[in-house]
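This is what each chain is made of:
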Amino acid sequence: MFIEHFSFLNALYMTIITVTTIGYKEVEPLSNVGKVFNIMLIITSFSTFTYALAKLSQYIASGEMSLYFKKRKIMQAIEVLNNHVIICGFGRNGKQAASLLKTNKVKFVVIENNLDHINEWLENDSSLVYIHADATDDDALIRAGIQKARALIITLPADADNVFIVLSARSLNPQLQIISRASQQSSEPKLKKAGADNVIMPDKIGGIHMATLVSKPDVIEFIEYLSSEEGESISLESVDYGRLPPELKDKTLKVIMDWKKTGVNCIGIKETDGKFIINPPEDTIIAQGMKVIVLGTKQQIESMKHNVEEV
């Protein structure tokens with residue numbers, strides 16, 4: 001337009017047929033300056049196209065494109081999640097937690113910095129939703145949807161990292177249930193001060209479990225049965241006071257359990273101060289802040305949850 005004084009349409013047409021190397025007839029004769037400009041345009045556009053094609057081929061051959069679409073698919077899966085669980089660390093404890101959550105059909109996201117741990121799981125289950133990142137990074141927690149999550153399970157071996165994650169998670173989601181692993185007894189009060197709701201010491205639990213197998217083997221076997229795949233048809237569920245329909249709030253346990261009978265059994269209640277009452281009497285009033293713990297088959301539990309949620 002500036003060199004040959006072409007109209008906009010003619011200039012655009014000439015540029016398109018030149019860049020695409022189609023090479024139709026020139027719409028108007030070119031001056032020497034116009035020919036030099038056209039030569040530079042051809043060289044530049046062809047070089048740019050060749051470079052872009054080489055880069056695209058390298059991108060596809062190296063698997064980066066496949067990795068990009070895989071990451072995009074995972075992030076899209078995380079975006080639609082709500083009320084899910086986030087597992088920080090995917091070692092032995094993280095995998096055990098994930099296995100039980102999967103058995104109970106609870107959606108979860110894994111944050112793990114070691115790809116080997118993730119690949120071990122992917123060999124048997126390619127549907128794993130994960131983020132390859134350092135769990136101590138706030139950005140990783142945000143990408144995992146911590147603002148929409150219901151719980152956070154922290155299984156990192158270093159207690160200092162666990163404390164750091166608890167502090168970050170509590171500031172990002174004050175309502176989040178946080179369960180953290182601890183390796184040292186002295187770390188338990190620090191984790192609770194940081195905002196953890198529960199602190200688990202795997203070594204301590206393992207010792208207690210082994211000792212209880214000696215003193216109460218049948219009880220432990222029954223508990224293990226409930227959490228195993230064989231016992232997946234049996235489930236425990238906690239029903240919060242807030243989930244009860246208006247006509248059942250501040251009523252006796254008998255009234256609650258008789259409402260739309262599903263066959264579940266009440267094995268305990270959790271009081272407002274956090275204490276548990278095992279096998280409570282039927283005349284116990286369920287008030288604000290209390291929870292009812294029920295036992296039943298998967299079908300009974302689902303029916304009970306449906307009855308509560310449909311109100």
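Just above, that's the structure.
Scoring rules and cut-offs
- Residues numbered from 1 in each chain as written.
- Predicted model: local features only at pLDDT ≥ 70, side-chain atom pairs only at ≥ 80, totals over all residues.
- Heavy atoms only, no water.
- Patch = residues over 30% accessible without salt bridge, like charges linked within 9 Å, V, L, I, M, F, W, Y side chains within 5 Å.
- Areas by Shrake-Rupley, 256 points an atom, 1.4 Å probe, with all protein chains shown as cover.
- Salt bridge = Lys/Arg side-chain N within 4 Å of Asp/Glu carboxyl O.
- Helix = DSSP H or I, 4+ residues; strand = E, 2+ residues; numbered from the N terminus.
- Buried < 20%, exposed > 50% of the residue type's maximum accessible area, 1.4 Å probe, protein only.
- Lys, Arg positive; Asp, Glu negative; His and termini not counted.
- Charge placed at Lys NZ, Arg CZ, Asp CG, Glu CD.
- Phe/Tyr/Trp six-rings, centres within 6.5 Å; stacked < 30°, edge-to-face > 60°.

Asker: Help me get a handle on a nonpolar patch on the surface, residues and values and all.
Answerer: Together, Met1, Phe2, Ile3, Phe8, Leu12, Ile16, Val33 and Phe37 line one region of the surface with nonpolar side chains, adding up to about 890 Å² of accessible area. For the nonpolar patch, the elements supplying multiple residues, two or more each, are α1 (8-19) and α2 (32-61). Ranked by residues supplied to the nonpolar patch, first place goes to α1 with three residues. One can find Phe8 in helix α1. For Phe8, a relative accessible area of 56% puts it in the exposed group.

Asker: Can you break down a negative patch on the surface residue by residue, with the values?
Answerer: On the surface, a cluster of negative charge is made up of Asp134, Asp137, Asp138 and Asp161. Here Asp138 is to be found in helix α6 (residues 138-143).

Asker: Can you break down the packing of aromatic side chains residue by residue, with the values?
Answerer: The final tally for this structure, using the stated rule, is one aromatic pair. Ring geometry for Phe90 against Trp121: centres 5.3 Å apart, planes inclined by 55°, an arrangement best described as tilted. With a gap of 31 residues between them, Phe90 in the loop between β1 (85-88) and α4 (92-103) and Trp121 in helix α5 (residues 115-122) connect regions that are remote in the sequence. Looking at Phe90, the relative accessible area reads 0%, which means it is buried.

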